[in-house]
Amino acid sequence: MNKNIHNTSFLNKYKIIAVLCLLLLLAAFFFPTDVFADDDELTELTEEQGNAIDWDELEDFLESLETGDFQDKSLFEIFSGLIHGEYTVGSGDFSQYVFQIFFSRLASSLPSILTIVAVAALCGLLAKNKSNIFGKSTGELIFFVCFSVIIVTTLAYVWSYVEATKKALTQMKTLINLVMPTLLAFMSAIGSKVAVAVYQPSVALLANGIIEIACNVIMPLIIISFVFSVISNLSNDVRLDKITTFFKNFAMAIFGISFTIFSAFLSVQGINANVFDSISLRAAKYATKNYIPIVGGYLAEGLDLVLASSILVKNAFGVVALLMLAAVIVFPVMELVVFNLLMQLAAGIIEPITDERIVKFLTSVSKNLMLLVVLILGVALMFFIVILLVISTANVF
Amino acid sequence: MGVWIAAVTGIVALTLLVDIILPEGESNKYIKAVMSILTTFVLIQPLPAVSSENFDIAQYFETESVSADADLEYRLDGIKQEYWENAIEKLLTNNNIENASIKVVLDEEKDFLVTVYLQNVVIADNQNHIFITKLITQILEEKLGIAAERIDFYD
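Chains are numbered independently. Their residues run from 1 in the order of the written sequence. As they are written, the chains are lettered A onward and the ligands numbered 1 onward, keeping that order. In view of the model being predicted, local features appear only for residues whose pLDDT reaches at least 70, and side-chain atom pairs are presented and counted only at 80 or more, with totals across whole chains, interfaces and linings using the full set of residues.

**Some words on the overall build of chain B**
(1) Moving on: Scanning chain B for helices and strands turns up five helices and five strands.
(2) Moving on: Buried, partly exposed and exposed are defined by the number of other C-beta atoms within 10 Å of a residue's own C-beta, namely 20 or more, between the two limits, and 12 or fewer respectively, with C-beta atoms placed from the backbone. Sorting the 155 residues of chain B into buried and exposed places 18% on the buried side.
(3) Moving on: By the criterion used throughout, residues are in contact when their C-beta atoms, derived from the backbone, lie within 7 Å. Taking contacts inside chain B between residues at least 6 apart in sequence as the whole, the part at least 24 apart equals 51%. To qualify as a helix, a DSSP run of H or I must reach at least 4 residues; to qualify as a strand, a run of E must reach at least 2; elements of each kind are numbered from the N terminus.

Following this line, the structure appears as C-alpha cells:
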C-alpha cells in the first residue's frame, strides 16, 4: 500500500517534470533567438532617451523637499532601475517609512499637546468650581486667561500647518510644471497626438486653475472657518457654530466641484484618447507589416523598437513622477494627521475636568485640520490620475 | 474679509466684556438682546458687497499653459532620426548599395523626409546612375513605405 502511494507520487513528479520540460521547449521555440540583439539595441535607445531628460532640475527640486532621499538613490538611478526591471518600490519599505514619520511626529508633537492639557486642567480646577472658590465674574476671567493661552498655543501650530499646506500645494504645482512637459514630449514622440491634445489643457487646469483656487479661495475659507471656531467658543451666549459649518462646507463644495469636474472629464476623455491612439498606432503597425511582403516587417520591427523604447522611458519616468509626488505629500499629510489625532486625544483627556467650550474648540480645530488633509490629498489624487492615464497611454504592445 | 473677521471678533469680545462687567439685574437681558442684534448686523454686513461685486473667477484660469518640452522633443526626434539613418543605410547595404549616406528629417507630422548622398556609393553590378536613384527609391518605397516624393538625392 505504502509502496503504491510512493510509486504514484513518484510518477506524478515525473509527469510534472515532463510537462515543465515541454513548456520550456515550447517557450524556446516561440521566443526568437535574436531577441538579445534587439534587446541591446533597445537598451541603447532607452538609455539615449533617458539621458535626454533634464535630471538636474528634478534633483534640485527633490533636494528642496523635507523628505530628502529615495533610499540614497538618485532619480536617474531609480529611473534606470525601473527601465531594467531592477528597482521595485517595496510597499513594505514605504509603509515602514511612513510609520517612521508618523511615530516621530507623534513623539515630537506630544509635549505641545501636554501643555494644552495642563492649562486646560488648571482652568478646570480654578474656574469650574467658581461658585466655591471665586465669584462668577472672577471665575469667568480666569477661564478667559486660560482659554487665551490654549488658543494662542493651538493657533501657532495651526498656522504653521496652514503654511505647510500652502507650501505642499505650490510644490505640487512646481512638480507638475517640471514633470508634465517631459511626459508630454514623450507622448508626442510616440505619436499619441490626441492624448497630448487632451492632457495639455487638463494639466494646465490642474496646475493653474485648481491649485490657484485651492490656495487663493479655499485656503482663506478654511482660515475663516478656523477663526470662527475660536470666536464661536468664546462665549456661551453668542454661538457661531452654524456659520463655522457654513464656511467649512462652502470650502469643501468649491473643492468638490473642481475635483468632480476635473476627474470626470479627464478620465472619460483620457481613456477615450488612449484607446484612439493605441488603435491608430496599432493600425499603422499593421499597415506597414502587410505593405512589405518579402522582408516581412523590417520597418514594423524597427518601429517597434523606437516606439518601445519611448514607451518604456515614458512609463518609467511616470513612475519616478509618482514617487516624487509621494515625497511631496507624505510629510505634510502625516504631520497634519498626527496633529489632528493629538488634538482629539487632548479633547478626550480634558473633557471630564474642564469647561465644555475648550473641548468644543479643540474638536472643531481638529475637524478643520482634516480639511487641509483633504485639500492636499485631493490635489495629489488629481495629479495621480493624470500620471496614471499618461502611463497607460499608447502602450501598444 | 480681514476687517469683517476683526469686526466679528470685536463684537463677540465686547459681548463677553459686557457680560462680565455688568452687575446682575433686570437690564441685563435687554443689553444681551441688543448685543446679539449687533452681532447679527456685523455678520450680515458683507452680504450686500458679495451680491453686488462680481467675483472674477477667471483670473485663476487664464494663466500660462503647460506644454510639451520643445527642447526634449527635438532631442527625441534626433535620436529617432539617427536610428532611422542607420537602419536605412543597413537596408541599402543589404541590397548591394554600399556607402550611401542618409539624412532623415522628421516633418511636422513626424513623417520622414529622406535625403540620400550618393558621393561614395559603390555599385555592385556596374549599374548606371539613374538606375541607382530609381533602385533606392524603389527599395525605400517597397520596404519602408516611404513615398517617392519624400526622397531626395545628392551627388
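**Structural notes on the overall build of chain A**
(1) Moving on: Scanning chain A from terminus to terminus reveals 10 helices and zero strands.
(2) Moving on: Its helices and strands in sequence order give chain A the pattern α-α-α-α-α-α-α-α-α-α, from N to C terminus.
(3) Moving on: The buried share of chain A, reckoned over its 397 residues, is 39%.
(4) Moving on: Residue pairs at least 24 apart in sequence account for 83% of intrachain contacts in chain A once pairs closer than 6 positions are excluded.

**Some points on the sheet that holds strand E5 (residues 151-154) of chain B**
Residue and element names in this part refer to chain B.
(1) Moving on: Should DSSP find at least two bridges between two strands, the strands are regarded as paired. Read from one edge to the other, the open sheet built from three strands follows the order E2-E3-E5, with strand pairing classed as mixed. The sheet is open, and its two borders are formed by strand E2 (101-106) and E5, each paired with just one other strand. Strand after strand, the sheet turns through a mean of 20° between neighbouring axes, direction not considered.
(2) Moving on: Pairing analysis gives six bridges linking E2 to strand E3 (residues 112-117), with the strands arranged antiparallel. For helices, the axis comes from a line fit to the C-alpha atoms of the stretch in contact; other axes are also lines fit to C-alpha atoms, and the angle between any two N-to-C directions lies between 0 and 180 degrees.

**Considerations on the interface of chain B and chain A**
A common way to express how large an interface is: the accessible area buried when the components associate.
(1) Moving on: Each partner contributes to the interface: chain B provides 36 residues, whereas chain A provides 45 residues.
(2) Moving on: It is helix H4 (residues 70-94) of chain B that provides the largest number of residues to the side of chain B that touches chain A, a total of nine residues.
(3) Moving on: Residue composition of the side of chain B that touches chain A, by class: 18 nonpolar, eight polar and 10 charged. For this scheme, ten residues count as nonpolar: Ala, Val, Leu, Ile, Met, Phe, Trp, Tyr, Cys and Pro. Four count as charged, namely Asp, Glu, Lys and Arg, and the remainder, Gly too, count as polar.

**With respect to H4(B)**
All names here are of chain B.
(1) Moving on: What a helix should span is 1.5 Å times the count of its residues minus one. Taking 1.5 Å per residue, 25 residues should reach 36 Å; H4 reaches 36 Å between its end C-alpha atoms and fits that length.
(2) Moving on: When we look at burial in H4, the residues that qualify are Leu72, Leu76, Lys80, Trp84, Ala87, Ile88, Leu91 and Leu92.
(3) Moving on: One or two positions beyond H4, positive phi appears at Asn96, with a value near 65°.

**Considerations on the nonpolar core**
(1) Moving on: In this structure, Met172(A), Ile176(A), Leu206(A), Ile376(A), Val379(A), Phe383(A) and Val386(A) are the most contacted members of the largest nonpolar core, which totals 117 residues.
(2) Moving on: Looking at this core, the element that brings in the most residues is helix H9 (residues 298-350) of chain A, giving 24 residues.
(3) Moving on: If we ignore the near neighbours within four places in the chain, the residues touching Val386(A) are Tyr199(A), Ser202(A), Val203(A), Leu206(A) and Leu266(A).
(4) Moving on: Structurally, a nonpolar core is described as a collection of buried Ala, Val, Leu, Ile, Met, Phe, Trp, Tyr and Cys residues joined by way of C-beta atoms within 7 Å. Formed by 15 residues, the second largest nonpolar core is a distinct cluster that contains Ala87(B), Leu91(B), Val116(B) and Ile146(B).

**Some remarks on the confidence of the model for chain B**
Residues and elements named next belong to chain B.
(1) Moving on: The pLDDT value expresses, per residue, how confident the predictor is, ranging between 0 and 100. Looking at chain B, pLDDT values average 78 and 88% of them are 70 or higher.
(2) Moving on: Taken element by element, chain B is modelled with least confidence in strand E4 (residues 122-123), mean pLDDT 66, and with most confidence in helix H2 (residues 28-44), mean pLDDT 86.
(3) Moving on: Here the prediction assigns the complex a pTM of 0.80, and the interface score ipTM is 0.74.

**Considerations on the packing of helix H7 (residues 193-232) of chain A against helix H10 (residues 356-391) of chain A**
Between two packed helices, both the angle of their axes relative to each other and the distance between the axes serve to describe the pair.
Residue and element names in this part refer to chain A.
(1) Moving on: Here H7 crosses H10 at 175°, and the two axes come no closer than 10 Å. Between H7 and H10, the angle is such that the two are roughly antiparallel.
(2) Moving on: In the contact of H7 with H10, the residues fall into 20 nonpolar, five polar and no charged. Should an angle fall under 35 degrees it is called roughly parallel, over 145 degrees roughly antiparallel, and 65 to 115 degrees roughly perpendicular, with every other angle called oblique.

**A look at the packing of helix H1 (residues 2-21) of chain B against H2(B)**
Residues and elements named next belong to chain B.
(1) Moving on: One way to put it is that H1 packs onto H2 with a least axis distance of 9 Å and a crossing angle of 175°. Taken together, the axes of H1 and H2 are roughly antiparallel relative to one another. Two secondary-structure elements touch here, H1 through Ala7, Val8, Ile11, Val12, Thr15 and Val18 and H2 through Ile31, Met35, Leu38, Thr39, Val42 and Leu43.
(2) Moving on: Of the residues contributing to the contact of H1 with H2, the split by class is 10 nonpolar, two polar and no charged.

**A closer look at the pairing of E3(B)**
Residues and elements named next belong to chain B.
(1) Moving on: Of the two faces of E3, only the one carrying Phe112, Val114 and Val116 is buried; Leu113, Thr115 and Tyr117 on the other face are not.
(2) Moving on: In the sheet, E3 pairs with E5 via four bridges, with the strands oriented parallel. In the sheet register, Tyr117 faces E5, and the bridge partner there is Tyr154.

**Structural notes on the confidence of the model for chain A**
Residue and element names in this part refer to chain A.
(1) Moving on: On average, residues of chain A carry a pLDDT of 80, and 80% of them reach 70 or more.
(2) Moving on: When pLDDT is averaged over each element of chain A, H10 comes out on top at 90 and helix H1 (residues 2-30) at the bottom at 49.
(3) Moving on: Note on residues 21-37: pLDDT under 50 across the span, and zero contacts to partners over four residues away in sequence or across chains.
(4) Moving on: Predicted confidence is poor over residues 292-297, with pLDDT under 50, and the contacts of this stretch with residues over four places away or in other chains come to seven contacts.

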